[in-house]
Amino acid sequence: MIPRLSALRRRRSHGTCAPMHPRRSFLAGVAALSATTDAFAQGDGGFNAFLDGVRADARRAGISTAAVNRAFAGLRPNARVIELDRRQAEGGLTWEDYRDRIMVSPTRVANAQRNYLENATLLRAIETRYRVSPRVVVAIWGVETNFGGNTGGFGIIEALATLAWEGRRASYFRAELLAALRVLDGGHISPERMRGSWAGAMGQPQFMPSNFERLAVDFDGDGRRDIWDSRADALASIAHYFQRSGWREGEPWGREIRPPPGFDRDRVDTDSKRSLRDFARLGFRAADGGALPASDLEGQLVLPSRGAGQIFLGHHNLRVIRRYNSPVNYGLAVGLLSDRVA
């Protein structure tokens, strides 16, 4: 899975204690996490008791006992998941590095263009049904899982059970765990193949289980919504997500602009919406120095986080992209990549 900006800002807090030798520190951390999971996995109030509570919730929700037993067979908390969840946000890449090294690199652009051409017939069929730009579908596919090449190596049930048991955001992950059990009970995927990120995002679109339930589609008509191994289902599910989020067919996501003389980045109003015509009257111009279109299409000024130069106008469809993943730099990068797809 391609790292998102929020993930790139996460690393372990070192506290105020004197630093240990790196190898001893690493081994001590692993040992502490292992001891924690071993201790909680045993005895009253531990992980097994937690699973019993989930089993009861699943029965009340009408999930079959067979599906739950298969999903929970041999299940233990995953120390690596706990470690990743406990990392604290800090630092982060500049917008320019995030854009050029991670999201809109020449390699990713070339792969996006190739995948767009190779899947042109499928993408046209998806566009016909959902009225969502195939370029943004391919861009999302590229940044989320490198066009299906890196969907994550964690067992979803194991990861979600660990996060729901561990305590932080327990109610959210418990609900996602029950949703994942319903997905298994529906026969869409096996527990062994149900893999994804450490936080429970699944398949080529990186849907959380609750989003799978609402938005995954069976586009290839085989009776299963398979976002792991069916490219048709995965890409159509992304398009369905955008359709349900309010994508406006034929409208751009946004554009880079040049500000007028005297523009103060520190005092910019990023909340007000104005038409392109009004932005032109205020002295804003296209990135190449040309005039903005004389259009009533509304936009808002958007400044990348930790960015030094670029300024954008974001339209309604940029807000839709950010409903898939909210950081502003993610939305801008997906938009820029979609512009280069075809």
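Residues numbered from 1 in each chain as written. Predicted model: local features only at pLDDT ≥ 70, side-chain atom pairs only at ≥ 80, totals over all residues. Heavy atoms only, no water.

Considerations on helix α8 (residues 120–130)
Consideration 1: Within α8, burial applies to Leu122, Leu123, Ile126 and Tyr130. Viewed end-on, α8 has its buried residues packed into an arc of 95°, placing them on one side of the element. Across α8 from its buried face, at more than 90 degrees, point the exposed residues Thr121 and Thr128.
Consideration 2: Contact partners of the buried residues in α8: α7 (106–118), α9 (134–145) and α13 (231–244).
Consideration 3: Directly beyond the C-terminal end of α8, a positive phi value near 60° is found at arginine 131. (Buried < 20%, exposed > 50% of the residue type's maximum accessible area, 1.4 Å probe, protein only. Helix = DSSP H or I, 4+ residues; strand = E, 2+ residues; numbered from the N terminus. Arc of directions from axis to C-beta. Contact = heavy atoms within 4.5 Å.)

Observations concerning the environment of arginine 108
Consideration 1: Along the chain, arginine 108 falls in helix α7.
Consideration 2: Classification of arginine 108 by relative accessible area gives buried; the value is 9%.
Consideration 3: The spacing of arginine 108 and asparagine 146 is 38 residues in sequence and 8.0 Å in space, taken between C-alpha atoms.

Points about the pairing of strand β8 (residues 298–302)
Consideration 1: Burial within β8 is extensive, with 4 of its 5 residues counted as buried.
Consideration 2: Judged from the 2 bridges that link them, strand β6 (residues 274–275) and β8 form a sheet pairing that is antiparallel. Of the residues in β8, the one forming a bridge with arginine 274 is glycine 299.
Consideration 3: Pairing between β8 and strand β9 (residues 311–314): 3 bridges, direction antiparallel. (Pairing = 2+ DSSP bridges.)

On their own, these measurements won't tell you what the molecule is for.
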